[in-house]
Amino acid sequence: MIPSVLPTYNRAALTFVKGEGSWLIEADGRRFLDLGAGIAVNALGHAHPALVKALTDQGQALWHTSNLYHIPQQQALADKLVENSFADTVFFTNSGTEACELAVKMARKHFHDAGQPERVEILTFEGAFHGRSSAGIAAAGSEKMTKGFGPLLPGFRKLPWGDHDAVAGAITDKTAAILVEPVLGEGGIRPLPDQCLKGLRDLCDAHGMLMILDEVQCGMGRTGKLFAHEWAGVDPDIMMVAKGIGGGFPLGAVLATEHAASGMGAGTHGSTYGGNPLACAVGCAVMDIVADPEFLAQVNRTAGLLRQRLEGLVADHPEVFDSVRGSGLMLGLKCKAANTDVVAAAYQAELITVPAADNVIRLLPPLNISEEEIAEAITRLDTAARQVETAIQTETA
Ligand SMILES: *Cc1c(COP(=O)(O)O)cnc(C)c1O
């Protein structure tokens, strides 16, 4: 019999009932150190006082009206995002995949209104993840996500990741945009080298194409800049944001330049919930903390410490780990043992990590994790690695 919850997830046997900062408390009382943060969502950990206050204050005042009316919290959050980024304008969604939908629609509408309606094709990359909507799965194009769900939304062309010549060779008079994650998340925590992102920007400029960046996972301070593309010194035309922006409240956004958004007038797009007062009140509280340069400086210090300690861990456990990769507090451990075994052993040690493609485990702690908690995480990862080593030795004996 089918379970009452549609069985699309492979869940671990864990039920968390409370969160405190970087810690999750299981129903049986065990305290897990959370280096998953709900897959980079709980950017400020659990139950952050400023976020709880923003949510409860707004909850007392007004939950929802409609985008038929002005929403001051939405206006305030849009202003903060515009002030702190390349963007001139923002549309709010409830998720990353909805942001992907709008990014694709916006790019196509831009060329339609510019008198080039044939420019509909969007270049994407192997290993990408852009969400589970019809546009999102077509854009990523992996068999795992698309098989059985055809016909797929047309107009995407998938290219080898990081291959500049392949991109240059794929551009035709039908190409509208390039869509890429500055740091692959689900695809295994692989940062696109700065010169690659610059190269893509140059191609976009040379051919009048739009650059769409998916910063759903790598944005909002995760890499130590407010947005990951800032490291490369290039700006996109359109950017998708979600996950960390709501700190745990469902919220996403599309940020765009006036040029890219030129086709999106009244009636061209909408959402019932997108940008509602509760979500945007929390989003403002997140932005006020994360966009502060001093906060980002602390993220970089913590990231440097975590990375250094992880390098030591790899050196100590060469049978389990291969290498450290990533950017800021979006770090991956490429494993030699099966990554799922390492994640399971970490659960035993009461530590949360998240598997990714390419046999990687992801470490995406709250951005405000303390140095003591980093040290504790390394101790627990070490315990997990020893357990995996013992299992390997028993197998080969
Ligand atoms: C999680 C994610 C998405 C999808 O976001 P949802 O909120 O799950 O719809 C899209 N792109 C990237 C890079 C992501 O990590």
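As the structure is a computational prediction, the values presented were derived from the model and not from experiment.

The rules behind the values
Residues numbered from 1 in each chain as written. Predicted model: local features only at pLDDT ≥ 70, side-chain atom pairs only at ≥ 80, totals over all residues. Heavy atoms only, no water. Phe/Tyr/Trp six-rings, centres within 6.5 Å; stacked < 30°, edge-to-face > 60°. Helix = DSSP H or I, 4+ residues; strand = E, 2+ residues; numbered from the N terminus. Buried < 20%, exposed > 50% of the residue type's maximum accessible area, 1.4 Å probe, protein only. Lys NZ or Arg CZ within 6 Å of the ring centre and 35° of its normal. Domains from an automatic or database assignment. Contact = heavy atoms within 4.5 Å. Buried area = accessible area lost by both parts, 1.4 Å probe. Salt bridge = Lys/Arg side-chain N within 4 Å of Asp/Glu carboxyl O. Nonpolar A, V, L, I, M, F, W, Y, C, P; charged D, E, K, R; others polar.

### Side note on the packing of aromatic side chains
Within the structure shown, the criterion is met by one aromatic pair. Centroid distance F16 to F32: 5.4 Å. Interplanar angle 80 degrees. Geometry classified as edge-to-face. Of this pair, F16 sits in strand β1 (residues 16-20) while F32 sits in strand β3 (residues 31-34); the two residues are 16 residues apart in sequence, bridging distant segments of the chain. Taking the relative accessible area as the measure of exposure, F32 reaches 0% and is therefore buried. Directly above the aromatic system of W161 lies the positively charged group of R190, at a separation of 4.9 Å from the ring centroid.

### Overview of the domain arrangement of the protein chain
Under the domain assignment used here, the protein chain contains domain 1 (16-40 + 293-306 + 314-396) and domain 2 (49-290). On a C-alpha basis, the centres of domain 1 and domain 2 stand 28 Å from each other. Taken residue by residue, the interface counts 23 residues in domain 1 and 23 residues in domain 2. Each partner contributes to the roughly 1,800 Å² buried at the junction of domain 1 and domain 2, and carbon and sulfur atoms together form 61% of this total. Of all residues in domain 1, A40, L296 and M330 bury the most surface against domain 2, accounting for 33% of the area lost on that side. Where domain 1 packs against domain 2, one counts one salt bridge. Where R362 meets E186, a salt bridge forms, and the shortest distance between an N and an O atom there is 2.8 Å. For the side of domain 1 that touches domain 2, the secondary-structure elements that each account for two or more residues are α1 (37-40), α10 (293-316), β13 (321-327), β14 (330-335) and β17 (360-363). At four residues, the largest contribution of residues to the side of domain 1 that touches domain 2 is made by α10. Along the lines of polarity and charge, the residues of the side of domain 1 that touches domain 2 split into 15 nonpolar, five polar and three charged.

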